[in-house]
Amino acid sequence: MGEQQPQYEAQKKELSKWNQQHLLTFWPDLSVVERAKLLESLRDAVDCASLDDAFRRAMATATSAKEDLNDLLKPLEKEMLLSIDDASEAELQELQQVGLERIRAGEVGVILLAGGQGTRLGSTAPKGTYDVGLPSGKSLFQLQAERIRKLEQLAGPGARIPWFIMTSEHTHRETIEYFQANDYFGLPVEQVVLFRQRSVPCVDLAGRILLDDKWKVATAPDGNGGIYRALKDEGILDRLERDGVRFLHAHSVDNILIKVADPVFVGYCVRKRADCGVKVIEKVEPNEAIGVLCDVKGKYQVVEYSELSHETANRRNSSSDGKLTFNAGNICNHFFTTEFLRRIADTTMPLHVAKKKIPYVDTVEGSATWGQRLKPSTPNGIKMEKFIFDVFPLAERFVALEGRREEEFSALKNSDSVGFDCPSSVRGDIYRLHRKWLISAGALEVVSGGPEETVCEIAPLLSYAGEGLEEMARGHSFHCPVHLTAVDEP
C-alpha cells in the first residue's frame with residue numbers, strides 16, 4: 001500500500017475535482033494487485049478534463065437543433081465520380097498501370113481497420129481471425145495478406161506494400177499472437193505493423209464514468225475515426241514519410257471481397273491528384289443499412305441511412321435509368337495521401353453518441369445491488385465514437401470511384417441465424433465471383449454435382465482479381481467443389 005498511496009491520493013484529488021470519485025469506491029476492498037490494476041486503468045484510460053469536454057461536445061451535438069439534412073442534400077456531380085461500369089477497358093487498364101507503377105515504386109501502403117471483435121458472429125476473437133467456412137479454411141486476415149502478396153507479384157520485382165493494422169485494446173494482443181503463429185502469412189515481419197487505436201471511458205447518461213469491474217474502468221474503442229490521431233501518436237505518420245509512402249488504401253476488415261490496395265482505385269485517385277477518395281457501390285434498396293455519399297453545401301460527406309427521410313431514401317431519378325437519386329453507398333473503402341493524413345491529424349473530430357446497454361458495477365452506496373456487476377436490459381450509458389468519413393469535407397480535392405457490388409463488397413457482420421451479412425452469404429458471394437472468373441477465362445462450365453451450393457474458391461495467390469486463369473480454364477469443365485490453389489501454396 002505504501003508505494004500506491006501517493007498515486008491513490010493524486011487520483012482521488014483529480015477525480016473529486018470532476019465528480020468522478022466513485023471510481024475509487026471499492027479501494028479498501030481491493031488486493032494490492034487489484035489496486036495496481038485500478039491505478040493503471042485510471043492512468044491509461046481516464047483524462048477527466050478531456051473526457052468532460054468530449055462529453056459536453058457530444059451531448060451538445062446530439063441535442064442541438066440541426067438543419068434538416070434532407071433539405072440540403074445533393075447527389076454527386078458526375079465529374080467527380082467514375083463508375084467502373086461506364087469506364088472503357090482501355091481506361092481501366094491505364095488506371096491499373098498507374099496504380100501498379102506507384103506500388104512498384106514503394107509509394108502505396110494499406111491501413112486495415114481491425115479493432116472489432118466477432119461478437120455478433122458468436123466469437124470474442126478479433127474478427128479478422130474468423131474462418132467463414134471456405135474449403136481453404138482461410139481467415140479474413142489470411143485472404144487479405146495473400147492478396148497483398150499477389151499484388152506485389154503483379155506490380156513487379158522489388159514491389160512491397162507495407163501493411164498497417166489498427167487494432168483496439170480488445171484485439172491487439174490476440175492479433176499479434178495470431179500473426180506470429182501463422183508466420184505473418186508469408187509476409188516479412190517488418191512489413192506488417194500493428195498499432196492500437198485509443199479507447200475512451202464509457203459514461204452513464206449524466207457523464208459519470210462506469211466501472212467494468214471494481215478495479216477496471218469500462219472503456220470502448222473511439223471508433224474508426226480514431227485512426228487519424230492513432231497514426232500520429234503511434235509514429236506511423238513518421239514512418240510513412242521516412243519510407244516514402246505517399247498513398248494509403250484504408251478499409252475495414254470485414255469485407256471479404258475487398259481488393260486490397262486496388263491498383264485501379266489507387267491509379268484513379270493519383271491521376272485525379274486527389275488527397276482523399278472513396279470507393280462506393282450502387283445502393284439499390286432504399287432501406288439498405290449503409291450510408292450514402294452526398295453533396296452538402298458544396299462539401300462531400302457521408303449521410304447515415306438513419307438520417308435519410310423515407311422520401312429522400314426512396315427518391316429516384318426522373319431519367320430512364322430509374323436509379324435511386326442518392327445511391328453512392330459508402331462501404332468504408334478509402335484513399336488518402338500521407339500529406340493529407342499529416343494535415344488533419346490534430347483535427348478535433350465530431351463525436352457521435354450511441355446509447356448502449358453497458359455492463360457496469362453499481363457504485364451507489366445503500367443500493368441493493370451495490371458492488372455487483374449488472375447487465376442492463378435498457379440503454380444506461382453512452383459510447384462516444386469518431387467516424388473515419390468525417391474528414392471528407394476537409395479534403396482539398398476529393399473524388400469517388402463506383403465499383404461493382406458483386407466484385408467489391410460482401411460484409412461479414414452477423415451469425416448465420418440472421419440470414420444476411422453472415423458466413424453463408426459471404427461464402428456464397430466468393431463462390432459466385434470465382435465461378436464468374438473461370439467462365440470469363442474460358443471455362444465451358446462450372447457446375448454443382450447436386451443440390452448443394454456451387455463451391456468454387458480460387459486462392460488469392462493464384463489470382464488477385466480474375467487475371468491469369470486462361471491457361472487452366474479455357475475449354476475445361478469444372479465440377480464442384482472447386483478449389484484452385486497456387487503452385488507455391490502449402
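Okay, so let's go over this structure. No experiment lies behind these values; they were computed from the predicted model shown. (Residues numbered from 1 in each chain as written. Predicted model: local features only at pLDDT ≥ 70, side-chain atom pairs only at ≥ 80, totals over all residues. Heavy atoms only, no water.)

### Comments concerning the overall build of the protein
Along the backbone of the protein there are 14 helices and 24 strands. A globule of 490 residues ought to have a C-alpha radius of gyration of about 23 Å, and the protein, at 24 Å, matches this closely. When the backbone C-alpha atoms are referred to their principal axes, the protein occupies close to 80 × 55 × 50 Å. Split into buried and exposed, the 490 residues of the protein put 51% on the buried side. In the form shown here, the protein has an accessible surface area of approximately 22,700 Å², with 47% of it arising from carbon and sulfur atoms. If the 60 positive side-chain charges of the protein are averaged to one point and the 73 negative ones to another, these points end up 3 Å apart. (Helix = DSSP H or I, 4+ residues; strand = E, 2+ residues; numbered from the N terminus. Rg over C-alpha atoms; globule rule 2.2 N^0.38 Å. Buried < 20%, exposed > 50% of the residue type's maximum accessible area, 1.4 Å probe, protein only. Areas by Shrake-Rupley, 256 points an atom, 1.4 Å probe, with all protein chains shown as cover. Lys, Arg positive; Asp, Glu negative; His and termini not counted. Charge placed at Lys NZ, Arg CZ, Asp CG, Glu CD.)

### Concerning the nonpolar core
Residues I103, F141, W163, I165, F179 and V192 are the most contacted members of the largest nonpolar core, which totals 44 residues. Those elements that place two or more of their residues in this core are α4 (89–104), β3 (108–113), α5 (140–155), β4 (163–167), α6 (172–181), β5 (192–196), α9 (263–271) and β20 (398–403). When residues in this core are grouped by element, the largest group, 6 residues, is from α9. Dropping the residues within four chain positions of it, F141 is found in contact with L112, A114, G128, T129, W163, I165, T175, Y178, F179, F185 and V253. With 40 residues, the next largest nonpolar core counts F164, I344, A395 and F398 among its residues. (Core = buried A, V, L, I, M, F, W, Y, C linked by side-chain atoms within 4.5 Å. Contact = heavy atoms within 4.5 Å.)

### Brief notes about the environment of H170
Topologically, H170 is positioned in the loop between β4 and α6. Residue classification places H170 among the partly exposed residues on the basis of a relative accessible area of 31%. H170 sits 271 residues away from A441 along the chain, and the two C-alpha atoms are 43 Å apart. What H170 contacts, discounting residues up to four positions off in sequence, is Q117, T219 and P221.

### What to know about the packing of helix α1 (residues 5–17) against helix α2 (residues 32–45)
Running from N to C, α1 and α2 point in directions that differ by 45°, and their axes come no closer than 11 Å. Relative to α2, α1 is oriented oblique. The way α1 lies across α2 gives a crossing that is left-handed. For the pair formed by α1 and α2, the contact residues are Q7, Y8, Q11 and L15 on the first element and L39, L42 and R43 on the second. Looking at side-chain class alone, the contact of α1 with α2 contains 4 nonpolar, 2 polar and 1 charged residues. (Axes fitted to C-alpha atoms, helices over the stretch in contact; angles between N-to-C directions. Parallel < 35°, antiparallel > 145°, perpendicular 65-115°, else oblique. Left-handed = near helix turned anticlockwise from the far one by under 90°. Nonpolar A, V, L, I, M, F, W, Y, C, P; charged D, E, K, R; others polar.)

### Brief notes about the side chain of H249
Tracing the sequence through the fold places H249 in strand β11 (residues 247–252). Exposure remark for H249: the relative accessible area of 1% places this residue in the buried category. The residues touching H249, leaving out its near neighbours within four places in the chain, are G109, V110, I111, I258, K259, V260, A261, D262, F265, N333 and H334.

### Notes on α1
Look at α1: 18 Å from first C-alpha to last across 13 residues, which is about the 18 Å you get at 1.5 Å a residue. Of all the positions in α1, only Y8, Q11 and L15 are classed as buried. Projected down its long axis, α1 shows its buried positions confined to an angular sector of 70°, all on one face. The exposed set on the far side of α1, more than 90 degrees from its buried face, consists of P6, K13 and K17. (Expected span 1.5 Å × (residues − 1). Arc of directions from axis to C-beta.)

### A short note on the packing of aromatic side chains
Tallied over the entire structure, the rule returns 16 aromatic pairs. Considering the side-chain rings of Y178 and F179, the 6.3 Å spacing of their centres and the 90° angle between planes classify their relative orientation as edge-to-face. Judged by relative accessible area, F179 falls into the buried class, the value being 0%. Taking NZ or CZ as reference, K214 lies 5.2 Å from the ring centre of F26, over its face. (Phe/Tyr/Trp six-rings, centres within 6.5 Å; stacked < 30°, edge-to-face > 60°. Lys NZ or Arg CZ within 6 Å of the ring centre and 35° of its normal.)

### Quick look at the sheet that holds strand β7 (residues 203–204)
Taken in spatial order, the 3 strands line up as β7-β19-β16 in an open sheet, and their pairing is antiparallel. Of all the strands in the sheet, the pair left with one neighbour each is β7 and β16 (352–356). Here β7 runs beside strand β19 (residues 381–385); their pairing, made up of 2 bridges, is antiparallel. Within the sheet, the bridge partner assigned to D204 lies in β19 and is G381. (Pairing = 2+ DSSP bridges.)

### Details of the environment of L211
Note on placement: L211 falls in strand β8 (residues 211–213). It is 9.1 Å that separates the C-alpha atoms of L211 and H22, two residues lying 189 residues apart in sequence. The residues touching L211, leaving out its near neighbours within four places in the chain, are H22, L23, F26, K216, V217, A218, P359, Y360, V361 and T363.

### Some words on the pattern of salt bridges
Within the structure shown, the criterion is met by 31 salt bridges. D53 is the partner of R57 in a salt bridge, and the nearest nitrogen-oxygen pair spans 3.3 Å. Of the two residues, R57 and D53 both sit in helix α3 (residues 48–63), 4 residues apart, roughly one turn of that helix. Linking D233 and R198 is a salt bridge whose minimum nitrogen-to-oxygen distance equals 3.8 Å. Residue D233 is found in helix α7 (residues 227–233), and its partner R198 is found in the loop between β5 and β6 (199–201); the two are separated by 35 residues along the sequence. (Salt bridge = Lys/Arg side-chain N within 4 Å of Asp/Glu carboxyl O.)

### With respect to α4
With 16 residues, α4 should cover 22 Å at 1.5 Å per step; its first-to-last C-alpha distance of 22 Å lies within 8% of that length. Here α4 has its buried residues at L92, L95, V98, G99, L100 and I103. Next to the buried residues of α4 lie β2 (81–83), β3, α5 and α9. Trailing α4 by a residue or two, G106 shows a phi angle of about 75°, which is positive.

### Focus on the packing of α4 against α5
When two helices pack together, you describe them by how their axes are tilted relative to each other and by the distance separating the axes. In contact at an axis separation of 9 Å, α4 and α5 are set at 100° when each is read in the N-to-C sense. Judged on the interaxial angle alone, α5 and α4 are roughly perpendicular. The segment α4 lies against α5, with L100, I103 and R104 engaging L151, L154 and A155.

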